[in-house]
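# Chain and residue survey
Letter by letter, the chains look like this.
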Amino acid sequence: MPTPTQPGPPVAEDGPAPPVDGLRLRARRISQEVRGAGRVLHDLSFDVAPGRLTVIAGSSGAGKTVLLQTLAGLRRPTAGEVLHDGAPPGAPGPEFGFVPQEDIIHRELPLGRTLRYAAGLRMPPGTPAETVAADVDRVLETLGLTHRASTPIRALSGGERKRASIAVELLTRPRVLFLDEATLGLDPVTGAALLRTLRALAEDGTTVVLTTHVLADLLRCDQVVFLAPGGQLAYAGEPAALREAFGVGTVEEVYEAVADGVRVEGTTPEETPRAGTNSAPPRGSRVGALRQWALLSRRGTALLLHSRLSVAVLAGSPVMIVAMFAVLFRAGAFDPASPDPGSTAMIMFWIAFGAFFFGLTYGLLQICTELPVLRREWLAGLRIGPYIASKLTTMLPVLAVADALLLLVLRAVDRLPPAGWDTYGSLFVTSVLASAAALALGLLASAAVSEPGQATLMLPLLCFPQVLFSGAFVPVPRMTGAGQAVSWAMTNRWAFEALGSGVGLERLWRTGDSPLGPPLLASYGDSFGHPAARGWLILAGFALLFTTLTWVVLVRRCREGAVRSRDGR
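Residues numbered from 1 in each chain as written. Predicted model: local features only at pLDDT ≥ 70, side-chain atom pairs only at ≥ 80, totals over all residues. Heavy atoms only, no water.

This part takes up the pairing of strand β8 (residues 176–179). Burial along β8 is two-sided: Val-176 and Phe-178 and Leu-177 and Leu-179, pointing in opposite directions, are all buried. Here strand β7 (residues 96–99) runs beside β8; their pairing, made up of four bridges, is parallel. Residue pairing in the sheet places Val-99 in a bridge with Leu-179 of β8. Remark: the β8/helix α5 (residues 188–203)/strand β9 (residues 207–211) crossover connection has right-handed handedness. (Buried < 20%, exposed > 50% of the residue type's maximum accessible area, 1.4 Å probe, protein only. Helix = DSSP H or I, 4+ residues; strand = E, 2+ residues; numbered from the N terminus. Pairing = 2+ DSSP bridges. Right-handed = clockwise from strand over helix to strand, strands pointing away.)

And the structure:
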């Protein structure tokens, strides 16, 4: 792998860009408690000077990640204080960069295109397109990724993906950059190259703080903050003095000494005031909600088209449902002269379930696969409302096309009756609203889980009740009181009844010659006696309810570990 290019100040049309004014960090007697783990940091004090590369080291479980989040201001310390340029941390803005262990970029899109979308969400409103392009080129050159701009993220090596995540953070030239296990899983050569890149960023003025398990990283930085088991400070100082301070010859022996309880005296700095800024720098203006929605909708469409799994689900679900109809039902079930009442009811149910299945499967993988990306973009100013709206904007047209094709094919193979635009318009509206409600339910489930495997397990759990309590196999009037209560919460029930009303099942069963018609009318009661619009209103209400709950869940999950609310983002 080529060594990353050493960054110099990017050349703009009006001359070299000025170096970054790094942020000064101060930790004063901070302690931190974590729910379920107790106190993980104990009375830590140290300084991080501007434009320095600082490594937080220690054994597993010593509290390195919690300390990084606390220094970044994403966790409020239980005791003590963290200061950014002499003031408590403000809301993260363009001057703030944070790279967690997980990738904070989508893997389906090319690197350059990914960075352009990220720039659109982070840069001030009205930033010219040529400025965005220049900044993307700048960070690609800084991180040695210019030759990989057109490569999909999934095709990058582990080290290149880590640098790509860093590139997202460098778009706004941050004053401070926090990285959690930046070199984890990288080979020694790649890890050393990444540390050289981070050092070059520090030399350009950015304050860089990272956690690490890699021994060699400790000797490549400007300052080491070494944590002992239990989250106590064992050492804070220059790496050259680390081994001498513990009276050992290797970094490995430092870990052994710390594990045995050795601490170095004098690691706590004196309380000396710092002249200069006494308040956090003001945050730049956020990109407006409408622009965020437009950018996210374009990105969502691009991701959809670049994901093989998504394309397979989109194409495969309608094909599967249509094939099922062709195998299960004979043609002519809606023939007025000789209808098949039982088949007509089941056809309406399976149309309702097909619309539900389309929406649910399309929604289940939409959020859980990109939760780390969402969390980081939320910290950078992304609102949750435009994010959810972009998912609906991207998927609803696809669902509408799938529902329309399903109805057209079923009519073409004589599984639906010959009827006018009013009948098929009603069936289409019902199907789209059923898909929309199921899509919102899928998004809610996707927001509530943490990984695609969990979302996959949710599929049967969400489908079975919709089948059993829809009123198709056991009519609602024949259910127990508890069953009827459960059926009220099933979107499939209201889609099934609205479809039956739209196609005129009651009228067909009354006028047909089949002896099964009157018994079915009696067992279903007035299920199909209401106008289809009643079902539309209920389905729309469910879609709104599930969307609102998705917003609540995502706001809560994005705020996990953060100390401030972000006014509804």
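Read from one edge of the open sheet, three strands run β4-β3-β6, paired in antiparallel fashion. Two strands lie at the open edges of the sheet, namely β4 (38–48) and β6 (79–84), each paired on one side alone. Each adjacent strand pair in this sheet contributes to an overall mean axis angle of 25 degrees, direction not counted. (Axes fitted to C-alpha atoms, helices over the stretch in contact; angles between N-to-C directions.)

Let's shift gears to the packing of helix α10 (residues 341–364) against helix α14 (residues 452–468). Axis separation between α10 and α14 bottoms out at 11 Å; the angle between their running directions is 160 degrees. One finds that α10 runs roughly antiparallel with respect to α14. Considering the relative orientation of α10 and α14, their crossing is right-handed. Packed against α10, whose contacting residues are Phe-349, Phe-353, Phe-356, Phe-357, Leu-360, Thr-361 and Leu-364, the element α14 presents Ala-455, Met-458, Leu-459, Leu-462, Cys-463, Gln-466 and Val-467 at the interface. Grouping the constituent residues of the contact of α10 with α14 by class yields twelve nonpolar, two polar and no charged. (Parallel < 35°, antiparallel > 145°, perpendicular 65-115°, else oblique. Left-handed = near helix turned anticlockwise from the far one by under 90°. Contact = heavy atoms within 4.5 Å. Nonpolar A, V, L, I, M, F, W, Y, C, P; charged D, E, K, R; others polar.)

Next up on the list: the side chain of Lys-64. Residue position: Lys-64 is located in helix α1 (residues 64–72). In this structure Lys-64 is buried but unpaired, with Glu-181 as the nearest side chain of opposite charge at 4.6 Å. Separated by 3.1 Å, the side chain of Lys-64 and the backbone oxygen of Ser-59 make a polar contact. In this structure the side chain of Lys-64 is engaged in a polar contact, spanning 3.3 Å, whose partner is the side chain of His-213. (Lys, Arg positive; Asp, Glu negative; His and termini not counted. Salt bridge = Lys/Arg side-chain N within 4 Å of Asp/Glu carboxyl O. Polar contact = N/O pair within 3.5 Å; in protein donor to acceptor, adjacent residues only side chain to side chain.)

Attention now goes to the packing of helix α16 (residues 491–503) against helix α19 (residues 532–559). At a minimum axis distance of 8 Å, the contact between α16 and α19 shows a crossing angle of 155 degrees. Comparing the axis directions of α16 and α19 gives the class roughly antiparallel. Judged by the sense of rotation from one axis to the other, the crossing of α16 with α19 is left-handed. In contact with Thr-491, Trp-494, Ala-495, Glu-497, Ala-498, Ser-501 and Gly-502 of α16, α19 contributes Ala-532, Arg-534, Gly-535, Trp-536, Ile-538, Leu-539, Phe-542 and Phe-546.

Negative charge collects at one region of the surface, where Glu-252, Glu-253, Glu-256 and Asp-260 lie side by side. Positionally, Glu-252 belongs in helix α7 (residues 251–259). A relative accessible area of 44% means that Glu-252 is categorised as partly exposed. (Patch = residues over 30% accessible without salt bridge, like charges linked within 9 Å, V, L, I, M, F, W, Y side chains within 5 Å. Areas by Shrake-Rupley, 256 points an atom, 1.4 Å probe, with all protein chains shown as cover. Charge placed at Lys NZ, Arg CZ, Asp CG, Glu CD.)

Time to look at the sheet that holds β9. As summarised here, the arrangement of the six strands in space is β7-β8-β9-β5-β10-β11, forming an open sheet in which the pairing is mixed. The open sheet has two edge strands with one neighbour each: β7 and β11 (232–237). The average undirected angle you get between the axes of adjacent strands in this sheet is 15 degrees. As defined by bridge partners, β8 adjoins β9 across four bridges and the pair is classed as parallel. By the bridge assignment for β9, Val-176 is matched with Thr-207. Relative to β7, helix α4 (residues 158–170) is tilted by about 160 degrees, and along the sheet it contacts β7 and β8.

Together, Val-401, Leu-405 and Leu-408 make up an exposed nonpolar region whose accessible area comes to about 300 Å². Residue position: Leu-408 is located in helix α12 (residues 384–412).

How two aromatic rings sit relative to each other is given by the distance of their centres and the angle of their planes. Scanning all chains against the criterion turns up 20 aromatic pairs. Look at Phe-226 and Tyr-255: their rings are 4.9 Å apart centre to centre, the planes differ by 70 degrees, and that puts the pair in the edge-to-face class. Taken together, the residues Phe-226 in strand β10 (residues 223–228) and Tyr-255 in helix α7 connect sequence positions 29 residues apart. For the pair formed by Phe-226 and Tyr-255, the shared burial category is buried. With centroids separated by 4.7 Å and ring planes inclined at 70 degrees, the aromatic side chains of Phe-349 and Trp-350 adopt a geometry described as edge-to-face. Like Trp-350, Phe-349 is buried. Taken together, the ring pairs connect Phe-349, Trp-350, Phe-353, Phe-356, Phe-357, Phe-473, Phe-496, Trp-509, Tyr-524 and Phe-528 into an aromatic cluster. A cation over an aromatic ring shows up here: Arg-493 above the ring of Trp-488, its NZ or CZ 5.2 Å from the ring centre. Here the basic side chain of Arg-493 rests over the ring of Trp-494, its NZ or CZ set 4.2 Å away from the ring centre. (Phe/Tyr/Trp six-rings, centres within 6.5 Å; stacked < 30°, edge-to-face > 60°. Lys NZ or Arg CZ within 6 Å of the ring centre and 35° of its normal.)

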